[in-house]
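# Understanding the architecture of this molecule
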Amino acid sequence: MAKEQLGVLNALDVAKTQWYHFTAIVIAGMGFFTDAYDLFCISLVSKLLGRIYYTDITHPKPGTLPPNVAAAVNGVALVGTLTGQLFFGWLGDKMGRKKVYGMTLVLMVLASVASGLSFSDHPTSVMTTLCFFRFWLGFGIGGDYPLSATIMSEYANKKTRGAFIAAVFAMQGFGILAGGIVALIVSTAFDKSFPAPTYGENRIASLPPQADFVWRIILMFGAIPAGMTYYWRMKMPETARYTALVAKNAKLAAADMSKVLQVELEAEEEKVQKYTDEKSNSFGLFTKEFAKRHGWHLLGTTSTWFLLDIAFYSQNLFQKDIFTAIGWIPSAEKMNAIHEVYRIARAQTLIAMCSTVPGYWFTVAFIDHIGRFAIQLMGFFFMTVFMFALAIPYHHWTLKPNRIGFVAIYSLTFFFANFGPNATTFVVPAEIFPARLRSTCHGISAAAGKAGAIVGAFGFLYAAQNKDPKKTDAGYPAGIGVKNSLIMLGVINFLGMVFTFLVPESKGRSLEELTGENEEGDEATEEQAAPTNRTVQVLNALDAAKTQWYHFTAIVIAGMGFFTDAYDLFCISLVTKLLGRIYYQQHGSANPGSLPANVSAAVNGVAFCGTLSGQLFFGWLGDKLGRKRVYGMVLMVMVLCSTASGLSFGKQPKAVISTLCFFRFWLGFGIGGDYPLSATIMSEYANKKTRGAFIAAVFAMQGFGILAGGMVAIIVSAVFKELYPAPSYAADPAASIFPQADYAWRIILMFGAIPALLTYYWRAKMPETARYTALVAKNAKQAAADMSKVLQVDVEAEPVKTEERSQHGRNDFGLFSKAFLRRHGLHLLGTTSTWFLLDVAFYSQNLFQKDIFSAIGWIPKANTMSAMEEVFRISRAQTLIALCSTVPGYWFTVAFIDKIGRFTIQLMGFFFMTVFMFALAIPYHHWTLKANRIGFVIMYSLTFFFANFGPNATTFVVPAEIFPARLRSTCHGISAAAGKAGAIVGAFGFQYAEKDIGVKNTLIILGVVNFLGLLFTFLVPESKGKSLEEMSGEGEEENGTETQSSQQV
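Residues numbered from 1 in each chain as written. Predicted model: local features only at pLDDT ≥ 70, side-chain atom pairs only at ≥ 80, totals over all residues. Heavy atoms only, no water.

### Considerations on the environment of histidine 396
The topology assignment puts histidine 396 in helix α18 (residues 394–398). Taking the C-alpha atoms as reference points, histidine 396 and alanine 931, separated by 535 residues in sequence, lie 8.6 Å from one another. Excluding its chain neighbours within four sequence positions, the residues that come into contact with histidine 396 are Asn402, Ala931 and Asn932. (Helix = DSSP H or I, 4+ residues; strand = E, 2+ residues; numbered from the N terminus. Contact = heavy atoms within 4.5 Å.)

So this is what it looks like as structure tokens:
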């Protein structure tokens, strides 16, 4: 059971953001500015060191550092850092954070200056001296990691603690950027003052004697910012958590924090004594108790930091080699010594400005909204994706036209390292371990990271060498090549993603809550929220129920409807080209027939008009008549109209198309009812722990529906091709379309009736949801009886409590009331606007992806194919997209929605849809080239992946959770109808936009639409882990205050 929090610690946890927070960030951050500058500036000058001390003018290439020397120069600071992290981390817990904090800064300043003054003209002496001082520089830097993180975590409030710690670490980005800028300024100044020819032109003159000053000035500059912050470090008081919980001095802790917070704080000496005397708060690092309570956590923080730093430092320390390999930096003999420094520095500065610095500050902005776990998982995932995207088509990136693409993707790996694990691995170890071991455990975690950096710094030098011994750098054996090295780094990033699951989420919780220091007894007990006096037992039973067979039955029953929905809505895009050939062929035309613009818009869009109408009507009806009564109706409408669509009659094109549109409208009407009813039923059946996954799983059946549409069309077209061989339209226009082709589109459309019909019986057997029966129909006995059968437990009816709840004044407002507007107005605006914007983009792409693939040449021109060949090609393209991105995207949402949260997934999805849409649009001509078609398909697939692992799923889930039971189906229907309004805009608008302004400008418009979706996401509340009544306000008391747990911490 939790003890009452110390007053001084509670004051820190709840303190508003104040000036002292920013002061602490700057004081700690300037140390990290120096750390990054000093660690990474060596990569800017190591080529110059090779020229100065190891050039043999008889060789056609300038000198480079021998492998063992290069490894030592690049890696020795990392060895020192590892040692310093362990030593100063331990010392920070023994002597206090403040006492040790000044030592590390003085050591950094002295060693930084000494590195630039490395003496002797003999290469061995210079390198030995440089390595000696860089070891001690690293030793001081190492101490800054655990101390800065621990101090910032112990000073911060719990609401914005992640952002404050991440902001300290984010100063690394400016340090890396400053390293590049200083190197640019120094090299430019020396290049202008001492002009020199290239090595190829004059080997001796290419290295002016003054070049020896360049590397020294660059290395020594790092001492300046560190020296400037020493005074302020010395003025900082010791952290209250160390003073109170470790040093056990309650008076000093209260006095120090009274000055900092400018409030009066009580010393509470007895409470401090009780805290520190508690047996559960006295175990050491090497004890069974630590292993039991924090062992997995320490394994998680050390392993993820180790794996991250292998990848991060391998790239960062040696990015100059990668840029040279792809030709972005000329070969060494084509530059003089100082100009080579300039070129390398320019490349590092570009990467820092475009990805490193933004990535850090994205973490600062979102870490307390999204959470540490989500950001770290996302970061490792995208580092893996982009590393493989660089590695697999590596030869493609070495070609001159594709260098900018390489730089863009390489920058994205850095962006997601920094808006990802590079920041979170620093933040989390400062939060989840006890105060007396916090600095030590952070030091151990950081040291594991630097061990990874050493593996990268030493190993990559050898691994990235060319496989051909004749093409390696001087002194190096043959390696596995850059391509295979990047593949290895991709695998390492994937392992980092796996080990992330060992790291707990610390967002929004106090340090003592995370570490268990405010718990009584020998073991932490999980606080349980007791139901309030107005919680109906049957609802509590549903919320708390473990995942059972009936949950999966409900998913399949509801999901098969969505399978049919997606099949029926999207299969039309597979056959519209065929309809054009059959019914609108013009004799003598050079191209096969196609549907006129207005007919095409009607055929593609009429089902959406029906869907919109059905969502509004059946959503309202589901709240009036009950979910179950309406659920069977919609399925029968779908079955009948799906069959009738394929039987569209008439000999004239107008008659066939008119009949088809009529039946597809009513097909859409039935599909529309499935949206609010399936979502509402699943949300009301599910437990609160995994509700998001269950609702998303129902929606994810859409992915299989889209995939099935493509596969059925492939099979049907392949069979017809085999039975009725036909030439291309260019070869024989008349013979390219045979009479039997008219059956193909009908079979494809009618197939959607089969899965829907199979689930009708099971839908009819499902009982009404307990929430509708109890809260809307007000039949407590029926609700309890139904759920007793479903849950296989005895559930008390509680008719009095049900009646009291339903008659409560706060639970009877209507949709068009001021009370609804005040409590749910912005929520409804958020759900409708985001779904509208999402569907504008999603359906514009999905319905007309065949046109986009044709435009870039992935599907041949229509006149080079027969009618059935065209259906086959279009279907194959849709199946590829569904298989590679649509289906995986849906099920990623199912897997992570209850861990990451709805808000995070939706925000992330819109963000990446925006990024990838602009990445397709801006260099659109590049993607139209034959060599780049696979790249286009990958990028296009990623937009679908993030639509489905993003807003396409969450916009369906959230409206089923945040509105009251009596309005839930109606509000979901309104939200879904807004989405279908967006789909209609896409279905009608894209045809005209693409013809009038071109595919490129249309893609830019869709990028802007996705960005607006990202902004409107901030109106949608997070519903993860909360009951439906908690979200909707139906569990609130008379005075409108929220229900409180009977246990208070």
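### Structural notes on helix α2 (residues 19–40)
Under the 1.5 Å per step criterion, the end-to-end length of α2 is 31 Å for 22 residues, consistent within 8% with the ideal 32 Å. By the largest-angle criterion, glycine 29 marks the main kink of α2, which is about 25°. The buried fraction of α2 amounts to 18 of the 22 residues, a majority that puts the element mostly inside the structure. (Expected span 1.5 Å × (residues − 1). Bend = angle between axes of the 7 residues up to and from the residue. Buried < 20%, exposed > 50% of the residue type's maximum accessible area, 1.4 Å probe, protein only.)

### Topic: the pattern of salt bridges
As enumerated under the stated definition, the model contains 26 salt bridges in all. Of the charged contacts in the structure, one is a salt bridge between aspartate 144 and arginine 233, with a shortest N-O distance of 2.8 Å. Residue aspartate 144 is found in helix α6 (residues 123–155), and its partner arginine 233 is found in helix α10 (residues 230–235); the two are separated by 89 residues along the sequence. Aspartate 144 gets classed as buried once you look at its relative accessible area, which sits at 0%. Here arginine 763 and aspartate 674 are joined by a salt bridge, their closest N and O atoms 2.8 Å apart. Within this pair, whereas arginine 763 is found in helix α33 (residues 760–765), its partner aspartate 674 is found in helix α29 (residues 653–685), the two being separated by 89 residues in sequence. This pair shows no difference in class: arginine 763 is buried, exactly as aspartate 674 is. (Salt bridge = Lys/Arg side-chain N within 4 Å of Asp/Glu carboxyl O.)

### Section: the nonpolar core
Inside soluble globular proteins, nonpolar side chains tend to come together where they are buried. Formed by 271 residues in total, the largest nonpolar core has its most connected members in Tyr145, Tyr675 and Phe946. The leading source of residues in this core is helix α7 (residues 161–193), at 17 residues. Residues Phe963, Leu967, Cys971 and Val1020 belong to the second largest nonpolar core, which totals 11 residues. (Core = buried A, V, L, I, M, F, W, Y, C linked by side-chain atoms within 4.5 Å.)

### Overview of the packing of aromatic side chains
Counted under the stated rule, the structure contains 77 aromatic pairs. With a centroid separation of 5.8 Å and an interplanar angle of 45°, the aromatic rings of tyrosine 37 and phenylalanine 221 are classed as tilted. Placement of tyrosine 37 in helix α2 and of phenylalanine 221 in the loop between α8 (211–220) and α9 (223–228) is noted, with a sequence separation of 184 residues between them. Given a relative accessible area of 1%, tyrosine 37 falls into the buried group. On the basis of relative accessible area, phenylalanine 221 is assigned to the partly exposed category, the value being 33%. Ring centres of tryptophan 305 and phenylalanine 426 lie 6.5 Å apart, and the angle between their planes is 85°; this geometry places the pair in the edge-to-face category. Here the residue tryptophan 305 occupies a position in helix α14 (residues 288–317), and phenylalanine 426 occupies one in helix α20 (residues 421–427), the gap between them amounting to 121 residues. The same class applies to tryptophan 305 as to phenylalanine 426, namely buried. A cation sits over an aromatic face here: arginine 233 above tyrosine 101, 3.7 Å from the ring centre. Here the guanidinium or amino end of lysine 721 rests over the ring plane of phenylalanine 872, the centre of that ring lying 4.2 Å away. (Phe/Tyr/Trp six-rings, centres within 6.5 Å; stacked < 30°, edge-to-face > 60°. Lys NZ or Arg CZ within 6 Å of the ring centre and 35° of its normal.)

### Re the confidence of the model for the protein chain
Model confidence for the protein chain is summarised by a mean pLDDT of 83, while 86% of its residues fall at 70 or above. In this model, residues 521–535 is a region of pLDDT below 50 whose contacts with residues beyond four sequence positions or in other chains number 36 contacts. Segment residues 1037–1049 is flagged for pLDDT under 50; beyond a separation of four residues in sequence, or across chains, it makes 21 contacts in the model. (pLDDT = per-residue confidence, 0-100.)

### Some thoughts on helix α4 (residues 67–95)
Relative to the 42 Å expected for 29 residues at 1.5 Å per residue, α4 spans 41 Å between its end C-alpha atoms, a close match to the ideal helical length. Of all the bends in α4, the greatest measures close to 40° and is centred on glycine 75. Backbone geometry just after α4 places glycine 96 at a positive phi near 110°.

### Quick notes on the packing of helix α28 (residues 627–646) against α29
Two numbers describe a pair of packed helices, the interaxial angle and the distance between the axes. Where α28 meets α29, the closest approach of the two axes is 8 Å, and the angle between their N-to-C directions is 150°. On the basis of the axis angle, α28 is roughly antiparallel to α29. Handedness of the crossing formed by α28 with α29: left-handed. Considering only residue class, the contact of α28 with α29 consists of 14 nonpolar, 6 polar and 4 charged. (Axes fitted to C-alpha atoms, helices over the stretch in contact; angles between N-to-C directions. Parallel < 35°, antiparallel > 145°, perpendicular 65-115°, else oblique. Left-handed = near helix turned anticlockwise from the far one by under 90°. Nonpolar A, V, L, I, M, F, W, Y, C, P; charged D, E, K, R; others polar.)

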